[in-house]
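# Structural overview for review
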Amino acid sequence: MAHFDVAVAGAGPAGLSAALEAAAGGARVLLLERQPKPGRRLAATGNGRGNVGNRHLAEHRYNPESLPLIKGVSGVLDKDALPAFLASLGIACSADEAGRLYPRSGQAATMVWILNDLLQARGVTVEAGNGLMHFRKEAGVFLLQTADAAHESATLILAVGGQAQPKLGGGDHARRLLADWDVGFRREMPALAPLYTGTVLADGVRVPAAARLYDAGDRLLQTADGEFQLTKTGVSGIAAMQLARTVNRLAAQKHLVFDFVPDMTKTALITWLERIRSVNGQREARYILDSVLPAKLAVALALAIAKQRQNHELDDSHLRQLCAAAKETKLDVTGTAGWDQAQVMSGGVCAGEVNPVTLESHRLPGLFMCGEMLDVDGDTGGYNLNWAFLSGRAAGRAAARYVSSSKRR
Ligand SMILES: Cc1cc2nc3c(=O)[nH]c(=O)nc-3n(C[C@H](O)[C@H](O)[C@H](O)COP(=O)(O)OP(=O)(O)OC[C@H]3O[C@@H](n4cnc5c(N)ncnc54)[C@H](O)[C@@H]3O)c2cc1C
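Description of the structure in this document.

Inspection of the region around the ligand gives 31 residues, with Glu 33, Asn 51, Leu 132, Glu 372 and Leu 385 positioned closest. Asn 384 places a polar main-chain atom, nitrogen or oxygen, 3.3 Å from an oxygen atom of the ligand. Measuring from an oxygen atom of the ligand, one finds a backbone N or O atom of Leu 385 at 2.7 Å. When the ligand is considered free in solution it has 1,000 Å² of accessible area, and contact with the protein chains removes 94% of it. No other element matches helix H12 (residues 383-408), which puts four residues into the shell around the ligand. The residue inventory of the shell around the ligand, partitioned by class, reads 13 nonpolar, 14 polar and four charged.

Looking at the secondary structure, you find Glu 360 in the loop between strand S17 (344-349) and strand S18 (367-369). Within the buried set, Glu 360 has no salt-bridge partner at all; the shortest N-O distance to an opposite charge, 6.7 Å, is to Lys 137. At 2.7 Å, the side chain of Glu 360 and the backbone nitrogen of Gly 366 are in polar contact. Filtering out sequence-adjacent residues up to four positions away, Glu 360 remains in contact with Glu 353, Val 354, Asn 355, Pro 365, Gly 366, Leu 367, Phe 368 and Tyr 402.

This brings us to the sheet that holds strand S3 (residues 53-54). The three strands lie next to each other as S3-S5-S4, forming an open sheet whose pairing is antiparallel. Each having just a single partner strand, S3 and strand S4 (93-95) make up the two edges of the open sheet. Sheet topology places S4 next to strand S5 (residues 100-103); three bridges connect them, and they run antiparallel. Directly across from Cys 93, in S5, lies its bridge partner Pro 103.

To locate leftover empty space, one rolls a probe as large as a water molecule over the atoms. Scanning the model with the defined rule gives one cavity of 30 Å³ or more in all. Each pocket or cavity is described by its volume, and for the largest cavity that value is around 50 Å³. Considering the residues around the largest cavity, the lining is formed by 13 residues, among which Gln 163, Ala 174, Arg 175, Glu 188 and Met 345 are closest to the centre. Examining the composition of the lining of the largest cavity, we find that three residues originate from one element, helix H6 (residues 173-177), more than from any other. Residues belonging to the lining of the largest cavity are distributed by class as follows: four nonpolar, six polar and three charged.

All right, on to helix H10 (residues 295-308) then. The end-to-end C-alpha distance of H10, which contains 14 residues, comes to 21 Å, matching closely the 20 Å that a straight helix rising 1.5 Å per residue would cover. Restricting attention to buried positions, one finds in H10 the residues Leu 297, Ala 298, Leu 301, Ala 302, Ile 305 and Ala 306. On the buried face of H10, the contacting elements are strand S12 (205-215), strand S13 (220-230), helix H11 (316-327) and strand S16 (329-336).

We now examine the packing of helix H1 (residues 13-24) against helix H5 (residues 108-121). A packed helix pair is summarised by two numbers, namely the angle formed by the two axes and the spacing between the axes. Orientation of H1 relative to H5, taken along the N-to-C sense of each, is 30°, at an axis distance of 10 Å. Taken as axis vectors, H1 and H5 run roughly parallel relative to one another. The interaxial crossing formed by H1 with H5 has left-handed handedness. Residues Leu 16, Ala 19 and Leu 20 of H1 touch H5, and the partners they reach there are Leu 115, Leu 118 and Leu 119. A per-class count over the contact of H1 with H5 returns six nonpolar, no polar and no charged.

Below, the discussion takes up the environment of Pro 103. Summarising the element assignment, Pro 103 is placed in strand S5. C-alpha of Pro 103 to C-alpha of Arg 49: the two residues are 54 residues apart in sequence and 7.4 Å apart in space. Apart from residues lying up to four places away in sequence, Pro 103 is in contact with Arg 49, Gly 50, Val 52, Ile 91, Ala 92, Cys 93 and Met 111.

A few words on the pairing of strand S2 (residues 29-33). Within S2, five of the five residues are buried, leaving the element largely enclosed by the surrounding structure. Burial along S2 is two-sided: Val 29, Leu 31 and Glu 33 facing one way and Leu 30 and Leu 32 facing the other are all buried. Strand direction decides the pairing type here: strand S1 (residues 2-9) and S2, joined by four bridges, are parallel. Each bridged residue has a counterpart across the sheet, and for Val 6 the counterpart in S2 is Val 29. Each parallel crossover has a hand, and for S1 linked through H1 to S2 it is right-handed. Relative to strand S6 (residues 125-128), S2 runs parallel, the two being bridged by four bridges. When the bridges of S6 are listed, Leu 30 appears paired with Thr 125.

Turning our eyes to something else, we now look at the layout of surface pockets. The computed volume of the second largest pocket comes to approximately 320 Å³. Lining the second largest pocket are 15 residues, and of these Leu 201, Leu 301, Ala 304, Gln 308 and Thr 329 lie nearest its centre. Elements represented by at least two residues in the lining of the second largest pocket include exactly H10, H11 and S16. Among the elements that take part in the lining of the second largest pocket, H10 stands out by supplying five residues, more than any other.

Criteria and cut-off values
Residues numbered from 1 in each chain as written. Predicted model: local features only at pLDDT ≥ 70, side-chain atom pairs only at ≥ 80, totals over all residues. Heavy atoms only, no water. Near = heavy atom within 4 Å. Polar contact = N/O pair within 3.5 Å; in protein donor to acceptor, adjacent residues only side chain to side chain. Areas by Shrake-Rupley, 256 points an atom, 1.4 Å probe, with all protein chains shown as cover. Helix = DSSP H or I, 4+ residues; strand = E, 2+ residues; numbered from the N terminus. Nonpolar A, V, L, I, M, F, W, Y, C, P; charged D, E, K, R; others polar. Buried < 20%, exposed > 50% of the residue type's maximum accessible area, 1.4 Å probe, protein only. Lys, Arg positive; Asp, Glu negative; His and termini not counted. Salt bridge = Lys/Arg side-chain N within 4 Å of Asp/Glu carboxyl O. Contact = heavy atoms within 4.5 Å. Pairing = 2+ DSSP bridges. 1 Å grid on protein atoms, 1.4 Å probe; cavity = no way out; pocket = protein on both sides within 12 Å on 5 of 7 lines; lining within 4 Å. Points joined across faces, edges and corners; volume = space filled by probe spheres on them. Expected span 1.5 Å × (residues − 1). Axes fitted to C-alpha atoms, helices over the stretch in contact; angles between N-to-C directions. Parallel < 35°, antiparallel > 145°, perpendicular 65-115°, else oblique. Left-handed = near helix turned anticlockwise from the far one by under 90°. Right-handed = clockwise from strand over helix to strand, strands pointing away.

Such coordinate-based values are descriptive only and should not be taken to indicate function.
Written as structure tokens, this is what we have:
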């Protein structure tokens, strides 16, 4: 039976970072991956471009429960830490105008190739297509069982990811592996997923907007700005998906209020619509919003108003209604898409289960956890990969230190 210093289960960004960091610290490392190849999800991120991080890091970009880990793990809130770490692995990044970091190649797949080459260069033993099925600890050693092999290791790092997108390897792997250890989990739910709404406004429209999410008592829960995609089931796009965590966590009824013309005040919009009316009083009411909104949305909003009106004259009250529809359309939110469409998981192993700096389990010395399996989820914009890479580095570094300090004892 082969013996290792550090065994890592899961070859996503967290596990790859952990394995490489532990190997750089002098450890003999085994990396086990369930799927035929490492880094499958990483290659699919950011629409194939891999939005790995962000120049604007802040605590509020992550779920509140994750705070001890976000603050404890080295570099997660330091804008220079991730680019420097990736550069040390041979990956160069550049930021776009919004501060989102991408590999300079413009392709997420190149990161996977670079990291794979480095695994070889650092002497990491990789077993792909051979996931960890079970582990136990006896006489200070982890005994690891895969489908066709048994290994021993002084430490074990779990980096098995979350439940989002089963087709990219998501599943309840963490719960299965930790079933015997009484580890605390916060209930897992889809995050960064499209929202379902009671009314469908228009299908296939992309529109920049500002949205506010309220509960039934009109308490403001969250805001989101940016591009929304109106679909036949509700609302999608980067901005909408950021609301999914809150929508799923609160059982109460929720609704969204959309401002589709956030750069104009109500007064400015009314003045603009009056101007259009004076330029061409013949334009039909149902088309008049198309000078500020995509035509399909303009028509949908105007038709909903027309149903409530006796006359279709473009009088002042009609203009006020059109303005209100553009600035304050309310939609009931009925839920979110499930795991098949979510990009990340909200919930997972509770932050209190691990040391917030080393990510070592409080229950089982020598066991480390990192990446999305822990209760950390961030907004769109690179925050999840930032966490995955840097938490993997922290776990890999701590596991290598654990091994060298046990050898000294
Ligand atoms: C389509 C899509 C696009 C995304 N785009 C972005 C983006 O642009 N920016 C961003 O920040 N985030 C993005 N994310 C989220 C990001 O990909 C994840 O947060 C990140 O990959 C989590 O890293 P991880 O290493 O913890 O888990 P994963 O990447 O999920 O890796 C876990 C690995 O563990 C393996 N595994 C599971 N069980 C076992 C086992 N028992 N033994 C061995 N191996 C096991 C899995 O097969 C998997 O390869 C995106 C997600 C999706 C689905």
